[in-house]
Amino acid sequence: MLARNVRLSLKRINRVRPALKRRALATTTANADLNDLVSFFDYPSHRASWSRTPTGLFGQHALVSPASFHNLAIATLVRAQLLTERIVRARQSRDELLKAVKNLDRLSDMLCSVIDLAELVRNAHPDPEWVQSADEAYEHLCEYMNVLNTNVGLYETLRDVLSDPSITSTLSREAHQTALTFWRTLKSPDQSSPRTARALCIAVLEILDLGLGSRLQQQSRFTQRDLLIYPGSLQAQMIMRSAPGEDPGENTPEQIELARLVGSDSFAHMALGDKMAKSRVALQNVRQFLDTLLDHTRPHAQQALHALSLRKQVHLNADTLPVIQAWDRDYYCPPEPPAPPIPLPTLTLGTVFQALSRLFQSLYGVTLRPVELSPGEVWHQDVKKLEVVDETDGLLGWIYTDLFARRNKSSGAAHYTVRCSRRTDDDDDAGDLLPEENHMPLVEMSRQFEAGGRHRIPDGTFQLPVVVLLTEFTRAPSPSRGPAVLEWHEVLTLFHEMGHAMHSMIGRTEYQNVSGTRCATDFVELPSILMEHFLTSPAVLALFGAPPRASDADAVANHHEDPCRNIDTYGQILLAALDQTYHSRAAMDPAFDSTAALAWLHGQRGIVPYVPGTSWQTQFGHLFGYGATYYSYLFDRAIAARVWRQLFIHDPLDRATGERYKAGILKHGGGEDPWAMLGSLLNAPELAGGDEQAMREVGRWRIEEEVAVPGRH
């Protein structure tokens, strides 16, 4: 607390100094921070603070032991019930209706701040007791949140708000976007009826008998109670995003039946409801995008296929060009691990974070600064903490990094939002209903937990975001082995996840439900994929410490000449089209055959022959994990390539361009329509409507600079 006050005092003094001195001081501090990053990550010192009295996870005194998760969950439920009742009663008072959107956002933040924290602990904490406690808190709060999604009173309050022009006219665009987000989540009285819930339960049980929902079955065994799955709940979506058995054709009807029970015509209609594809014509728009993308990518894929056929002809000493079969791809074009386009120095973890901070400083005036941990603040000694500081706005938030593989840690790479940004000085806590006297300590516990991380800036008081980056890099630094040295695919992964992290940091919104990465899921990957493009630029690669050379530009230009990338991209587009077919109304036909659908698609649009008697689709889990949204990653890759080529490719460190992207995309989170943001950024008014024409236009943007590595999100 003392250190923060000192920084604020210095900032106030600096305002009256000449601008030149201000910039000189900022540059000196930034350079020192960059040097600190190398030693911070490459030569860590595990201090004796671990033996002192713990402050609690993330500095929260309410989380000093595994059992404290249970108490925090109960405290959160008590306070959430009081706030829910206040919102339900809002229809009795115009003044309360004016506060309803803000209070809904407060309620969501109250629950999500504990749910998201529990989700992180479940996946990262090495102590089984902490994991079990987090599991229980997660299940209890998710169950309550799912009940809220079918709360008729909340639905009616928000309906009254959105149907009253005298109220909606007072909402900012961000507040209105937040209200619409809640509107899409809450169910109408017909969808919330006990009859619908019972019908959904029956459908769920039938699917569970077929092997679905392992996590839900574990929950049932643990609680020794029947499961009640509410329409639109997280559990219902969990089930609909899975598939039993090996043949999707046998099970897709159950998924679509579940979608109908929650008020959708098909699973795809339900999944695309809040996407850039626009819910009312979503299926048509997605298919338009994929068809256009196939048309524009096919010539490049066929050219690549011809190159592969030439390799096969030479190998077989054949007189004519042979047909490339599905199994030829890896043989004649064996996958190689990604490599940097130019020679680089040893990429230690500290060197990479130093380069990231230099990049963010050049583009946004934002730096990464090491922070010493308090005892008990983190769950493992490998975890590091960074504060993210803007040269104008000051502290933006905190990033915790947990980057090295260990036993029982979740696999893959992910960005966890532990706490979202939101404005708090306009919270009307005084208007909340009073608890019973014996619940006062619980309410106070919840309030203290919520108060952590608030920060006053010139615009008001904000709850600052906290994110955690989880990866499974292979080797942690140690005194005996020295710094951790990253492979190039690990550098790509770190840049990708830091794209998400900066979206969370810069996306400072007044409502947490639209902050940072809480935006349309077919838009959320834009900042992260764009970060990978920066690794194709010699100017950015020089930030790692390699002196630029005249030949670097040519080396980068020729780096991605592997013909297989175009074949793979075309195959990925076909899979996205297949994903739409498997989650459409057509799958409700009793005669629907998923393998026949695959064979038909290959016959119509494929470039590699389908192999009769095979059912490759049963091995591709993303067809169910993404569930009608597999196109999203392609969509964002196309957008990111366009943004890179139109804005950054010629001068990727230009501050004016970085500020334009920061102000036009990053700072809004999900608070603005993504099509409007994109149209403005690219000076493309034809995109603003987000209609069929806009989807077709994005489909024309060929996916270039193939730098993506699967498995990141």
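**Overview of the overall build of the chain**
- Within the chain one finds 29 helices and eight strands.
- Classification of the 713 residues of the chain by burial places 56% in the buried group.
- Here the analysis covers contacts within the chain between residues at least 6 apart in sequence; of these, 77% occur between residues at least 24 apart.
- Approximately 31,000 Å² of the chain is accessible, and the part contributed by carbon and sulfur atoms is 51%.

**Focus: the packing of aromatic side chains**
- Here the structure, examined in full by the defined rule, presents 20 aromatic pairs.
- Relative to Phe592, the ring of Tyr582 has its centre 6.1 Å away and its plane inclined at 90 degrees; by these criteria the two rings are edge-to-face. Residue Tyr582 is found in helix H23 (residues 564–582), and its partner Phe592 is found in the loop between H23 and helix H24 (594–605); the two are separated by ten residues along the sequence. In this pair, the class of Tyr582 matches that of Phe592, namely buried.

**Quick notes on the sheet that holds strand E6 (residues 454–457)**
- Here we have three strands laid out as an open sheet, ordered E5-E7-E6, and antiparallel in their pairing. Lying at the two open borders of the sheet, with one neighbouring strand each, are strand E5 (422–423) and E6.

**Quick word on the sheet that holds strand E8 (residues 466–473)**
- Taken in spatial order, the five strands make up an open sheet running E1-E2-E3-E8-E4, and their pairing is mixed. Each edge of the open sheet is held by one strand with a lone partner, namely strand E1 (366–371) and strand E4 (414–419). Going across the sheet, the axis of each strand differs from the next one's by a mean of 30 degrees, ignoring polarity.
- On top of the sheet, helix H17 (residues 349–364) reaches E1, strand E2 (384–390) and strand E3 (394–404); it is set at about 145 degrees to E1, its chief contact.

**A closer look at helix H27 (residues 655–664)**
- Among the residues of H27, Thr657, Gly658, Tyr661 and Lys662 are the ones counted as buried. Take H27 and look down its axis: the buried residues cluster within an arc of 135 degrees, on one side only.

**Structural notes on the pattern of salt bridges**
- Summed over all chains, the structure comprises 40 salt bridges.
- Asp164 serves as the salt-bridge partner of Arg94, at 3.9 Å between the closest nitrogen and oxygen. You can see Arg94 sitting in helix H4 (residues 94–98) and its partner Asp164 sitting in the loop between helix H7 (152–162) and helix H8 (165–168), a full 70 residues away along the chain.
- A relative accessible area of 43% means that Arg94 is categorised as partly exposed.
- The partner of Arg422 in a salt bridge is Asp427, with the nearest N and O atoms 2.9 Å apart. Like Asp427, Arg422 is buried.
- Among the charged side chains, a salt-bridge network with shared partners connects Arg79, Lys102, Asp109, Arg422, Asp426, Asp427, Asp429, Glu450 and Arg454.

**Details of the state of the cysteines**
- Going through the model one piece at a time under the given rule, you end up with one disulfide.
- Cys333 shares a disulfide with Cys564; S-S distance 1.9 Å. Linking Cys333 in the loop between helix H16 (328–332) and H17 with Cys564 in helix H23, this pair joins segments that are 231 residues apart in sequence. Each member of the pair, Cys333 together with Cys564, is buried.

**Details of the nonpolar core**
- Core analysis: the largest hydrophobic core is formed by 111 residues, its most contacted members being Phe353, Leu356, Leu494, Met498, Phe544 and Val643.
- When residues of this core are assigned to their parent elements, the largest contribution, eleven residues, is made by helix H26 (residues 631–648).
- Excluding anything up to four places from it in sequence, Leu356 contacts Leu368, Leu494, Phe495, Met498 and Met531.
- Within the second largest apolar cluster, 65 residues are counted, among which are Ala134, Tyr138, Tyr155 and Val383.

**Thoughts on the packing of helix H3 (residues 67–88) against helix H6 (residues 128–148)**
- Contact pair H3 / H6: the axes reach a minimum separation of 8 Å and the direction vectors enclose 15 degrees. Comparing their axes, H6 and H3 come out roughly parallel. The interaxial crossing formed by H3 with H6 has right-handed handedness. Mapping the contact onto sequence places Ala67, Ser68, Phe69, His70, Ala73, Thr76, Leu77, Ala80, Gln81 and Thr84 in H3 and Trp130, Ser133, Ala134, Ala137, Leu141, Tyr144 and Leu148 in H6.
- Here the residues of the contact of H3 with H6 are counted per class, giving eleven nonpolar, six polar and no charged.

**Remarks on H6**
- Here H6 contains 21 residues, and its C-alpha end-to-end distance of 30 Å stays within 8% of the 30 Å for a straight helix at 1.5 Å per residue.
- A distance of 2.9 Å separates the backbone nitrogen of Glu129 from a side-chain oxygen at the start of H6, and that oxygen is part of Asp127.

**Remarks on unusual backbone geometry**
- A positive phi angle, near 70 degrees, is found at Asn408, a position not held by glycine.
- Relative to the helices and strands, Asn408 is located in the loop between E3 and E4.
- Classification of Asn408 by relative accessible area gives exposed; the value is 65%.
- Phi is positive for Asn683, close to 50 degrees, though the residue is something other than glycine.
- Mapping Asn683 onto the fold places it in the loop between helix H28 (674–681) and helix H29 (692–700).

**Quick look at the confidence of the model for the chain**
- Here the chain averages 81 in pLDDT, while 76% of its residues score no lower than 70.
- Taken as a whole, residues 227–254 scores under 50 in pLDDT and shows 84 contacts with residues more than four places along the chain or in a different chain.
- Here residues 705–713 scores under 50 on pLDDT; set against residues more than four positions off or in separate chains, the count is 34 contacts.

**As for the environment of His496**
- Structurally, His496 can be placed in helix H19 (residues 488–506).
- The buried category is assigned to His496, whose relative accessible area is 0%.
- As for His496 and Leu530, which are separated by 34 residues in sequence, their C-alpha atoms are 7.9 Å apart.

**As for the pairing of E4**
- Burial analysis of E4 places six of its six residues in the buried class, the great majority of the element.
- Across five bridges, the pairing between E4 and E8 is antiparallel. When the sheet's bridge partners are listed, Arg419 is paired in E8 with Val466.

The rules we used
- Residues numbered from 1 in each chain as written.
- Predicted model: local features only at pLDDT ≥ 70, side-chain atom pairs only at ≥ 80, totals over all residues.
- Heavy atoms only, no water.
- Helix = DSSP H or I, 4+ residues; strand = E, 2+ residues; numbered from the N terminus.
- Buried < 20%, exposed > 50% of the residue type's maximum accessible area, 1.4 Å probe, protein only.
- Contact = heavy atoms within 4.5 Å.
- Areas by Shrake-Rupley, 256 points an atom, 1.4 Å probe, with all protein chains shown as cover.
- Phe/Tyr/Trp six-rings, centres within 6.5 Å; stacked < 30°, edge-to-face > 60°.
- Pairing = 2+ DSSP bridges.
- Axes fitted to C-alpha atoms, helices over the stretch in contact; angles between N-to-C directions.
- Arc of directions from axis to C-beta.
- Salt bridge = Lys/Arg side-chain N within 4 Å of Asp/Glu carboxyl O.
- Disulfide = S-S within 2.5 Å.
- Core = buried A, V, L, I, M, F, W, Y, C linked by side-chain atoms within 4.5 Å.
- Parallel < 35°, antiparallel > 145°, perpendicular 65-115°, else oblique.
- Left-handed = near helix turned anticlockwise from the far one by under 90°.
- Nonpolar A, V, L, I, M, F, W, Y, C, P; charged D, E, K, R; others polar.
- Expected span 1.5 Å × (residues − 1).
- Polar contact = N/O pair within 3.5 Å; in protein donor to acceptor, adjacent residues only side chain to side chain.
- pLDDT = per-residue confidence, 0-100.

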